[in-house]
Amino acid sequence: MPFNNLFIADNEGIRTITINRPDQLNALDRGTIDELDRALLDADADKNVRVLIITGSGPKAFVAGADIKEFAHFSVDEGKALSADGHRKLFDHMEHMSKPVIAAVNGFALGGGLELAMSCHIRVASENARLGLPEVSLGLIPGYGGTQRLARLVGRGKAMEMLFTAGMIKADEALQWGLVNHVVPQDQLSAKCTELAVAIMKNSPTALAAAIRAVNAGYDPGTNGLQREIEEFGKLFGTADFKEGTRAFMEKRKAEFKGN
Ligand code: COA
(Lines give C-alpha, C1' and ligand atoms only; values in the text may rest on other atoms or scores of the structure.)
Protein backbone atom coordinates (compact mmCIF):
# COMPACT_ATOMS: atom_id res chain seq x y z
CA MET A 1 0.00 0.00 0.00
CA PRO A 2 1.51 3.40 -0.90
CA PHE A 3 2.09 6.13 1.68
CA ASN A 4 0.34 9.52 1.58
CA ASN A 5 2.59 11.37 4.03
CA LEU A 6 5.94 9.58 3.68
CA PHE A 7 8.65 9.28 1.05
CA ILE A 8 10.74 6.12 1.17
CA ALA A 9 14.13 5.96 -0.56
CA ASP A 10 16.62 3.08 -0.57
CA ASN A 11 20.33 3.44 -1.24
CA GLU A 12 22.67 0.47 -0.76
CA GLY A 13 21.27 -0.73 2.55
CA ILE A 14 20.26 2.70 3.86
CA ARG A 15 16.53 3.40 3.91
CA THR A 16 15.52 7.03 4.33
CA ILE A 17 11.99 7.73 5.52
CA THR A 18 10.96 11.36 4.97
CA ILE A 19 7.87 12.69 6.71
CA ASN A 20 6.19 14.74 4.04
CA ARG A 21 3.69 17.32 5.30
CA PRO A 22 5.88 20.41 4.81
CA ASP A 23 2.94 22.86 4.70
CA GLN A 24 2.12 21.71 8.27
CA LEU A 25 5.81 21.57 9.25
CA ASN A 26 5.51 17.76 9.15
CA ALA A 27 3.25 17.71 12.23
CA LEU A 28 2.36 14.15 13.27
CA ASP A 29 -1.32 13.45 12.78
CA ARG A 30 -2.69 9.98 13.44
CA GLY A 31 -2.56 9.04 9.75
CA THR A 32 1.16 9.84 9.64
CA ILE A 33 1.79 7.88 12.85
CA ASP A 34 0.00 4.85 11.33
CA GLU A 35 2.06 5.16 8.16
CA LEU A 36 5.30 5.40 10.15
CA ASP A 37 4.29 2.29 12.09
CA ARG A 38 3.82 0.44 8.79
CA ALA A 39 7.06 1.82 7.36
CA LEU A 40 8.98 0.61 10.44
CA LEU A 41 7.46 -2.87 10.15
CA ASP A 42 8.46 -2.98 6.45
CA ALA A 43 12.01 -1.84 7.24
CA ASP A 44 12.41 -4.35 10.07
CA ALA A 45 11.28 -7.23 7.85
CA ASP A 46 13.46 -6.27 4.87
CA LYS A 47 16.90 -7.92 5.09
CA ASN A 48 18.30 -5.47 2.56
CA VAL A 49 17.69 -2.55 4.94
CA ARG A 50 20.65 -2.21 7.34
CA VAL A 51 20.24 1.34 8.71
CA LEU A 52 17.29 3.71 8.79
CA ILE A 53 17.38 7.50 8.52
CA ILE A 54 14.29 9.47 9.57
CA THR A 55 13.92 13.07 8.46
CA GLY A 56 11.39 15.77 7.62
CA SER A 57 10.58 17.27 4.27
CA GLY A 58 11.44 20.88 3.43
CA PRO A 59 14.17 23.17 4.79
CA LYS A 60 12.32 24.33 7.90
CA ALA A 61 11.17 21.46 10.05
CA PHE A 62 12.01 17.94 11.12
CA VAL A 63 8.63 17.63 12.85
CA ALA A 64 6.94 20.59 14.61
CA GLY A 65 5.03 18.33 16.98
CA ALA A 66 1.89 16.27 17.25
CA ASP A 67 -0.88 17.78 15.13
CA ILE A 68 -2.45 20.31 17.52
CA LYS A 69 -5.41 20.91 15.18
CA GLU A 70 -6.31 17.23 15.30
CA PHE A 71 -6.42 16.85 19.10
CA ALA A 72 -7.65 20.32 20.12
CA HIS A 73 -11.17 18.99 20.83
CA PHE A 74 -10.27 15.66 22.40
CA SER A 75 -11.83 14.40 25.64
CA VAL A 76 -9.86 12.92 28.57
CA ASP A 77 -10.31 9.38 27.21
CA GLU A 78 -9.35 10.40 23.69
CA GLY A 79 -6.26 12.18 24.99
CA LYS A 80 -5.15 9.10 26.90
CA ALA A 81 -5.75 6.86 23.88
CA LEU A 82 -3.81 9.27 21.64
CA SER A 83 -0.78 9.00 23.91
CA ALA A 84 -1.02 5.22 24.42
CA ASP A 85 -1.45 4.51 20.69
CA GLY A 86 1.45 6.79 19.79
CA HIS A 87 3.77 5.08 22.29
CA ARG A 88 2.88 1.62 21.02
CA LYS A 89 2.75 2.27 17.30
CA LEU A 90 5.61 4.67 16.81
CA PHE A 91 7.82 5.79 19.67
CA ASP A 92 8.40 2.48 21.49
CA HIS A 93 8.44 0.72 18.14
CA MET A 94 11.20 3.07 16.90
CA GLU A 95 13.29 2.68 20.06
CA HIS A 96 13.15 -1.12 19.79
CA MET A 97 13.84 -1.38 16.06
CA SER A 98 16.28 -4.21 15.32
CA LYS A 99 18.39 -1.97 13.07
CA PRO A 100 20.07 1.32 13.95
CA VAL A 101 17.89 4.38 13.37
CA ILE A 102 19.39 7.85 12.82
CA ALA A 103 17.25 10.98 13.14
CA ALA A 104 18.36 13.65 10.65
CA VAL A 105 16.98 16.69 12.48
CA ASN A 106 16.75 19.25 9.69
CA GLY A 107 14.89 22.08 11.44
CA PHE A 108 12.23 22.44 14.17
CA ALA A 109 12.01 19.36 16.38
CA LEU A 110 9.30 20.35 18.81
CA GLY A 111 7.01 18.35 21.08
CA GLY A 112 6.26 15.06 19.33
CA GLY A 113 9.01 15.95 16.84
CA LEU A 114 11.68 16.02 19.53
CA GLU A 115 10.09 12.93 21.07
CA LEU A 116 10.40 11.20 17.71
CA ALA A 117 14.06 12.20 17.40
CA MET A 118 14.69 10.97 20.98
CA SER A 119 13.16 7.58 20.24
CA CYS A 120 15.70 7.13 17.41
CA HIS A 121 19.05 5.63 18.41
CA ILE A 122 21.26 8.49 17.13
CA ARG A 123 20.51 12.16 16.37
CA VAL A 124 22.32 14.40 13.90
CA ALA A 125 21.11 18.01 13.67
CA SER A 126 21.58 20.75 11.11
CA GLU A 127 22.78 24.12 12.39
CA ASN A 128 19.32 25.66 11.92
CA ALA A 129 17.61 23.02 14.11
CA ARG A 130 15.59 24.22 17.09
CA LEU A 131 14.60 21.71 19.74
CA GLY A 132 12.05 21.96 22.50
CA LEU A 133 9.10 20.50 24.37
CA PRO A 134 6.52 23.33 24.32
CA GLU A 135 3.59 21.25 25.62
CA VAL A 136 3.09 23.12 28.92
CA SER A 137 2.43 26.26 26.85
CA LEU A 138 -0.58 24.36 25.47
CA GLY A 139 -1.75 23.19 28.89
CA LEU A 140 -0.29 19.72 28.30
CA ILE A 141 2.79 17.66 29.03
CA PRO A 142 4.70 15.57 26.47
CA GLY A 143 2.70 12.39 25.78
CA TYR A 144 5.04 10.48 23.49
CA GLY A 145 7.83 9.65 25.93
CA GLY A 146 9.35 13.12 26.32
CA THR A 147 9.18 13.24 30.10
CA GLN A 148 11.24 10.03 30.25
CA ARG A 149 13.59 10.08 27.28
CA LEU A 150 14.69 13.71 27.65
CA ALA A 151 15.79 13.19 31.26
CA ARG A 152 17.69 10.05 30.25
CA LEU A 153 19.59 11.95 27.55
CA VAL A 154 20.35 15.27 29.25
CA GLY A 155 19.75 14.62 32.97
CA ARG A 156 16.80 15.55 35.14
CA GLY A 157 17.72 19.19 35.80
CA LYS A 158 18.10 20.22 32.18
CA ALA A 159 15.03 18.19 31.21
CA MET A 160 12.96 19.99 33.85
CA GLU A 161 14.22 23.36 32.58
CA MET A 162 13.25 22.54 28.99
CA LEU A 163 9.86 21.24 30.07
CA PHE A 164 9.09 24.15 32.43
CA THR A 165 10.16 26.97 30.11
CA ALA A 166 8.62 25.42 26.97
CA GLY A 167 11.53 27.11 25.20
CA MET A 168 13.57 26.04 22.20
CA ILE A 169 17.30 25.41 22.29
CA LYS A 170 19.65 25.83 19.35
CA ALA A 171 21.53 22.96 17.76
CA ASP A 172 24.90 23.85 19.32
CA GLU A 173 23.35 23.93 22.79
CA ALA A 174 21.67 20.58 22.10
CA LEU A 175 25.10 19.21 21.18
CA GLN A 176 26.60 20.55 24.40
CA TRP A 177 23.79 18.95 26.40
CA GLY A 178 24.19 15.57 24.70
CA LEU A 179 20.75 15.78 23.14
CA VAL A 180 22.21 15.38 19.64
CA ASN A 181 25.35 13.51 18.58
CA HIS A 182 26.54 15.87 15.82
CA VAL A 183 25.71 19.28 14.34
CA VAL A 184 26.50 20.08 10.70
CA PRO A 185 25.52 22.74 8.15
CA GLN A 186 22.13 21.92 6.64
CA ASP A 187 23.56 21.05 3.22
CA GLN A 188 25.81 18.43 4.85
CA LEU A 189 23.16 16.74 6.99
CA SER A 190 22.37 13.94 4.59
CA ALA A 191 26.08 13.28 3.91
CA LYS A 192 26.87 13.12 7.64
CA CYS A 193 24.04 10.66 8.29
CA THR A 194 25.16 8.55 5.32
CA GLU A 195 28.76 8.56 6.62
CA LEU A 196 27.54 7.25 9.99
CA ALA A 197 25.30 4.67 8.33
CA VAL A 198 28.17 3.40 6.15
CA ALA A 199 30.41 3.01 9.22
CA ILE A 200 27.64 1.12 11.03
CA MET A 201 26.92 -1.16 8.07
CA LYS A 202 30.45 -2.59 8.14
CA ASN A 203 29.45 -4.39 11.33
CA SER A 204 27.37 -7.46 12.07
CA PRO A 205 23.61 -6.80 11.80
CA THR A 206 23.05 -9.59 14.33
CA ALA A 207 25.40 -7.97 16.83
CA LEU A 208 23.88 -4.51 16.20
CA ALA A 209 20.40 -5.86 16.97
CA ALA A 210 21.73 -7.46 20.16
CA ALA A 211 23.45 -4.19 21.16
CA ILE A 212 20.16 -2.28 20.74
CA ARG A 213 18.32 -4.86 22.89
CA ALA A 214 21.01 -4.81 25.59
CA VAL A 215 21.22 -1.01 25.83
CA ASN A 216 17.43 -0.66 25.85
CA ALA A 217 17.14 -3.31 28.58
CA GLY A 218 18.96 -0.98 30.97
CA TYR A 219 16.12 1.53 30.61
CA ASP A 220 13.37 -1.01 31.24
CA PRO A 221 12.56 -0.95 34.97
CA GLY A 222 11.52 -4.62 34.87
CA THR A 223 14.78 -5.87 33.33
CA ASN A 224 18.31 -6.31 34.65
CA GLY A 225 20.41 -4.72 31.90
CA LEU A 226 23.68 -6.41 32.86
CA GLN A 227 22.00 -9.82 32.97
CA ARG A 228 20.48 -9.11 29.56
CA GLU A 229 23.94 -8.21 28.26
CA ILE A 230 25.29 -11.59 29.48
CA GLU A 231 22.50 -13.42 27.66
CA GLU A 232 22.84 -11.45 24.41
CA PHE A 233 26.64 -11.80 24.50
CA GLY A 234 26.41 -15.56 24.96
CA LYS A 235 23.84 -16.05 22.20
CA LEU A 236 26.07 -14.32 19.67
CA PHE A 237 28.64 -17.13 19.99
CA GLY A 238 26.18 -19.35 18.16
CA THR A 239 25.77 -17.07 15.15
CA ALA A 240 27.26 -17.18 11.66
CA ASP A 241 28.21 -13.50 11.99
CA PHE A 242 30.41 -14.30 15.01
CA LYS A 243 32.12 -17.11 13.09
CA GLU A 244 32.66 -14.85 10.09
CA GLY A 245 33.88 -11.90 12.21
CA THR A 246 36.43 -13.92 14.16
CA ARG A 247 37.56 -15.92 11.08
CA ALA A 248 38.05 -12.67 9.12
CA PHE A 249 40.17 -11.29 11.97
CA MET A 250 42.36 -14.39 11.96
CA GLU A 251 42.66 -14.33 8.16
CA LYS A 252 43.48 -10.59 8.21
CA ARG A 253 40.62 -9.65 5.89
CA LYS A 254 37.42 -7.62 6.14
CA ALA A 255 34.43 -9.53 7.47
CA GLU A 256 31.45 -10.02 5.20
CA PHE A 257 28.44 -10.20 7.46
CA LYS A 258 25.18 -11.66 6.25
CA GLY A 259 23.13 -11.37 9.41
CA ASN A 260 21.53 -14.45 11.00
N1 COA B 1 0.31 21.01 14.71
C2 COA B 1 -0.47 21.41 13.70
N3 COA B 1 -0.09 22.31 12.80
C4 COA B 1 1.14 22.85 12.93
C5 COA B 1 2.01 22.49 13.97
C6 COA B 1 1.55 21.50 14.90
N7 COA B 1 2.30 21.07 15.88
N8 COA B 1 3.15 23.23 13.86
C9 COA B 1 3.01 24.00 12.77
N10 COA B 1 1.79 23.77 12.21
C11 COA B 1 1.23 24.42 11.02
C12 COA B 1 0.75 25.82 11.30
O13 COA B 1 -0.54 25.79 11.90
C14 COA B 1 0.74 26.41 9.92
O15 COA B 1 -0.40 25.90 9.21
P16 COA B 1 -1.43 26.89 8.49
O17 COA B 1 -0.60 27.59 7.45
O18 COA B 1 -2.44 25.94 7.92
O19 COA B 1 -1.94 27.80 9.54
C20 COA B 1 1.96 25.76 9.27
O21 COA B 1 2.24 24.60 10.04
C22 COA B 1 3.19 26.66 9.32
O23 COA B 1 3.42 27.04 10.67
P24 COA B 1 3.62 28.56 11.15
O25 COA B 1 3.25 28.60 12.60
O26 COA B 1 2.92 29.48 10.23
O27 COA B 1 5.19 28.70 10.95
P28 COA B 1 6.16 29.69 11.74
O29 COA B 1 7.46 29.62 11.03
O30 COA B 1 5.53 31.02 11.93
O31 COA B 1 6.32 29.04 13.20
C32 COA B 1 6.69 27.22 14.75
C33 COA B 1 6.97 27.81 13.35
C34 COA B 1 7.27 25.82 14.78
C35 COA B 1 7.36 28.09 15.80
C36 COA B 1 5.16 27.20 15.00
O37 COA B 1 4.54 26.57 13.88
C38 COA B 1 4.76 26.47 16.23
O39 COA B 1 4.90 26.97 17.33
N40 COA B 1 4.21 25.23 16.07
C41 COA B 1 3.70 24.44 17.18
C42 COA B 1 4.83 23.83 17.98
C43 COA B 1 4.27 23.04 19.15
O44 COA B 1 3.70 23.56 20.08
N45 COA B 1 4.48 21.70 19.09
C46 COA B 1 4.09 20.81 20.13
C47 COA B 1 2.78 20.20 19.85
S48 COA B 1 2.28 19.12 21.14
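Residues numbered from 1 in each chain as written. Predicted model: local features only at pLDDT ≥ 70, side-chain atom pairs only at ≥ 80, totals over all residues. Heavy atoms only, no water.

### A few points about the sheet that holds strand 10 (residues 182-184)
So, step 1. Spatially, 6 strands are ordered 1-2-3-5-7-10 in an open sheet, and the strand pairing comes out mixed. The strands lining the two open edges of the sheet, one partner per strand, are strand 1 (6-11) and strand 10. Direction aside, neighbouring strands of the sheet carry axes that sit 20° apart on average.
So, step 2. Looking at chain direction, strand 3 (residues 51-56) and strand 5 (residues 101-105) are connected through 4 bridges and run parallel. Counterpart to Thr55 in the pairing with strand 5 is Ala104. (Pairing = 2+ DSSP bridges. Helix = DSSP H or I, 4+ residues; strand = E, 2+ residues; numbered from the N terminus. Axes fitted to C-alpha atoms, helices over the stretch in contact; angles between N-to-C directions.)

### Observations regarding the site of the ligand
So, step 1. Surrounding the ligand, one finds 17 residues, the nearest of these being Lys60, Ala64, Ala66, Ile68 and Lys69.
So, step 2. In this structure, a nitrogen atom belonging to the ligand sits 3.0 Å away from a main-chain N or O atom of Ile68.
So, step 3. In the complex, the protein chains occlude 62% of the 860 Å² of accessible area that the ligand would expose alone.
So, step 4. Elements with a contribution of two residues or more to the shell around the ligand: helix 2 (68-71) and strand 6 (108-110).
So, step 5. Here the shell around the ligand is composed, by residue class, of 10 nonpolar, 2 polar and 5 charged. (Near = heavy atom within 4 Å. Polar contact = N/O pair within 3.5 Å; in protein donor to acceptor, adjacent residues only side chain to side chain. Areas by Shrake-Rupley, 256 points an atom, 1.4 Å probe, with all protein chains shown as cover. Nonpolar A, V, L, I, M, F, W, Y, C, P; charged D, E, K, R; others polar.)

### Overview of the domain arrangement of the protein
Interface size, as often reported, equals the accessible area lost upon joining of the parts.
So, step 1. Segmentation of the protein into domains returns domain 1 (6-201) and domain 2 (205-250).
So, step 2. Centre-to-centre separation of domain 1 and domain 2, based on C-alpha positions: 26 Å.
So, step 3. The interface of domain 1 with domain 2 comprises 10 residues on the first partner and 6 residues on the second.
So, step 4. Looking only at domain 1, the three residues that lose the most surface to domain 2 are Arg50, Ser98 and Arg152, adding up to 51% of its buried area.
So, step 5. Across the contact surface, domain 1 and domain 2 share 1 residue pair in polar contact (both at pLDDT 80 or more). (Domains from an automatic or database assignment. Contact = heavy atoms within 4.5 Å. Buried area = accessible area lost by both parts, 1.4 Å probe.)

### Quick look at the pairing of strand 7 (residues 122-126)
So, step 1. The buried fraction of strand 7 amounts to 5 of the 5 residues, a majority that puts the element mostly inside the structure.
So, step 2. Here strand 7 shows no split at all, with Ile122, Val124 and Ser126 on one side and Arg123 and Ala125 on the other all buried.
So, step 3. Both strand 5 and strand 7 contribute to a ladder of 4 bridges, which runs parallel. Among the inter-strand pairings, Val105 is bridged to a residue of strand 7, identified as Ala125.
So, step 4. Bridge count for strand 7 against strand 10 is 3 bridges, and the pairing is parallel. Looking at strand 10, one finds that Ser126 is bridged to Val184. (Buried < 20%, exposed > 50% of the residue type's maximum accessible area, 1.4 Å probe, protein only.)

### Overview of the packing of aromatic side chains
So, step 1. According to the stated counting rule, one finds 3 aromatic pairs in the structure shown.
So, step 2. Judged by centre distance (5.1 Å) and plane angle (65°), the ring pair of Phe233 and Phe237 falls under edge-to-face.
So, step 3. Centroid distance Phe237 to Phe242: 4.6 Å. Interplanar angle 40°. Geometry classified as tilted.
So, step 4. The partly exposed category is assigned to Phe242, whose relative accessible area is 29%.
So, step 5. Aromatic ring contacts, followed pair by pair, group Phe233, Phe237 and Phe242 into a single cluster. (Phe/Tyr/Trp six-rings, centres within 6.5 Å; stacked < 30°, edge-to-face > 60°.)

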